[in-house]
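Structural overview
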Amino acid sequence: MAAALMAFADALESEPQVIARCLRRRDAVFIDRLVEQYHYRLLRYLVYLTARREQAEDLVQDTWMRVLERAAQYDGRSRFEPWLFSIARNLAIDEMRRRQRMEPDEPAERVAPETYSPFVAAAKSEDAARIAAALAALEAFYREALVLRFQEELSLDEIAQVTHSPVSTVASRIHRGLAQLRAHLEGSKDAK
Amino acid sequence: MQSNPHAKAQELIDRAPVEGISPQEQTWLDTHLTACAECSEYAATAERTIAALGKFAFELDHDAAFRVQANVRRRVVEIRPAAWEARNFWLVNGAAILLTAGGSMAVWEAGEWASRAWSLPAWAWQTAFVMGWAVPSMMLCILLLFRGLLLGNQDGKGGSVL
């Protein structure tokens, strides 16, 4: 009976509202499911952003810990994804700044992206390897804009919310990212 | 407004998957693409580029995923009792305040009635109220609030409410 009532209450609420309620109540079963459901998407976004697989794996956990801490801040009025990715992004940027402070003399491109890139490592076919090389060559904020728009299917407003950038900047990044990716994939030299 | 139809078509092809285009623009583009091989090729390339992103996938490290899930689960269990304790604290306090206020009013009324019934002076029943009701209640409150300090708690958290 209680389960039926809970299911009925869930049916009356939108998905973001259910997520907000369960996060506030620290519903262990629901949070467990949420972590499982978003694990791959969160990891993919963080890999696109940081271009470091191991760092992205660590950041996934840090993101969920931060989600638990700030559960009360999510009100369920907007979709969960932008809020989640926004937390992940802030943590990733903090981590990148921290690394930069610790290794100020390390050249940014010390590691050749073609050899160690998580994109290249993930490529399983010749076609995927070509895409991986193109992605590895893109700047992080272009990759980020592309993954949020075409893989996460976030709206421009939502991407702007995640990246704390104006919508026009987001649109421009997507256009430039696509142009560069297209140029790489088609073997063109005039990407910019 | 673009005067060159090819430039206009390519601008619409670029804009469609990002900002979106109007139904009128879509109709114009579709008509143009059926007649223009160059723009059709441009549209196909744009489509292939976006589709390429979807084809690219990372292999999931299931052990790492399981570890994250287990750590998050552990953290939820850790922080949940604190939330429950805080909730219970406010519930119990609210109930105690209501009962104290209600009980005090009832005892005061009873004292007043008794003093009238037995013709007692006001100071007598009021003193009885203070000594028999208010002082024991306050003593109990002090004991509960500062139980750590009064009962010789060694952790230095004397006076802790919880």
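Reference entry: report on the structure contained in this document. (Residues numbered from 1 in each chain as written. Chains lettered and ligands numbered in written order. Predicted model: local features only at pLDDT ≥ 70, side-chain atom pairs only at ≥ 80, totals over all residues.)

Some thoughts on the overall build of chain A
- Assigned secondary structure in chain A consists of eleven helices and zero strands.
- Helices and strands appear in chain A in the N-to-C order α-α-α-α-α-α-α-α-α-α-α.
- Put simply, chain A has 192 residues, and 35% of those count as buried.
- A fraction of 61% describes how many contacts in chain A between residues 6 or more apart in sequence connect residues 24 or more apart. (Helix = DSSP H or I, 4+ residues; strand = E, 2+ residues; numbered from the N terminus. Buried ≥ 20, exposed ≤ 12 C-beta atoms within 10 Å, placed from the backbone. Contact = placed C-beta atoms within 7 Å.)

Considering the overall build of chain B
- Counting secondary structure elements, chain B contains six helices and zero strands.
- Counting all 162 residues of chain B, 10% fall into the buried class.

Notes on the interface of chain B and chain A
- The interface is formed by 30 residues belonging to chain B together with 35 residues belonging to chain A.
- When contributions to the side of chain B that touches chain A are tallied by element, the ones reaching two or more residues are helix 3 (37-55) and helix 4 (62-117) of chain B.
- Residue composition of the side of chain B that touches chain A, by class: 17 nonpolar, five polar and eight charged. (Nonpolar A, V, L, I, M, F, W, Y, C, P; charged D, E, K, R; others polar.)

Considering the nonpolar core
- Judged by nonpolar contacts, the single largest core of 54 residues is most densely connected at Leu-42, Tyr-45, Leu-46, Val-60, Leu-84, Ala-88 and Leu-146 of chain A.
- Excluding residues that lie within four positions of it along the chain, Ala-88 of chain A makes contacts with Leu-42, Tyr-45, Leu-46, Leu-59 and Thr-63 of chain A.
- By size, the runner-up hydrophobic cluster in this structure holds six residues, among which are Ala-9, Leu-12, Ile-13 and Leu-29 of chain B. (Core = buried A, V, L, I, M, F, W, Y, C linked by C-beta atoms within 7 Å.)

Describing the packing of helix 9 (residues 140-151) of chain A against helix 10 (residues 156-163) of chain A
Residues and elements named next belong to chain A.
- Direction vectors running N to C along helix 9 and helix 10 enclose 135 degrees, while the axes themselves pass 10 Å from each other. As the angle between them shows, helix 9 and helix 10 are arranged oblique. Judged by the twist between their axes, the crossing of helix 9 over helix 10 is right-handed. Across the interface between the two elements, Glu-144, Ala-145, Leu-148 and Arg-149 of helix 9 pack against Ile-159, Val-162 and Thr-163 of helix 10.
- When its residues are assigned to classes, the contact of helix 9 with helix 10 shows four nonpolar, one polar and two charged. (Axes fitted to C-alpha atoms, helices over the stretch in contact; angles between N-to-C directions. Parallel < 35°, antiparallel > 145°, perpendicular 65-115°, else oblique. Left-handed = near helix turned anticlockwise from the far one by under 90°.)

Quick look at helix 1 (residues 5-15) of chain B
Residues and elements named next belong to chain B.
- The complete set of buried residues in helix 1 reads Ala-9, Leu-12 and Ile-13. Down the axis of helix 1, the buried set is contained in an arc of 100 degrees. They therefore lie on one face.
- The inward-facing, buried residues of helix 1 contact helix 2 (23-35) and helix 3. (Arc of directions from axis to C-beta.)

Here we look at helix 2 (residues 15-24) of chain A
Residues and elements named next belong to chain A.
- Among the residues of helix 2, those classed as buried are Ile-19, Ala-20 and Leu-23. Looking straight down helix 2, one finds that the buried residues subtend no more than 100 degrees of arc, so they occupy a single side.
- On its buried face, helix 2 sits against helix 3 (28-50) and helix 5 (80-102).
- Following helix 2 by one or two positions, Arg-26 has its phi on the positive side, about 55 degrees.

Description of unusual backbone geometry
All names here are of chain A.
- Residues other than glycine seldom take positive phi values, yet Arg-26 does so here, at roughly 55 degrees.
- Locating Arg-26 in the fold gives a position in the loop between helix 2 and helix 3.
- Residue class for Arg-26 comes out buried when judged on the 20 C-beta atoms lying within 10 Å of it.

Structural notes on the packing of helix 1 of chain B against helix 2 of chain B
Residues and elements named next belong to chain B.
- Closest axis-to-axis distance for the helix 1/helix 2 pair is 10 Å, and the angle between their directions is 120 degrees. Here helix 2 runs oblique to helix 1, going by the angle between their axes. Like other packed secondary-structure pairs, helix 1 and helix 2 cross with a definite hand, here left-handed. On helix 2, the residues that touch Pro-5, Ala-9 and Leu-12 of helix 1 are Glu-25, Leu-29 and His-32.

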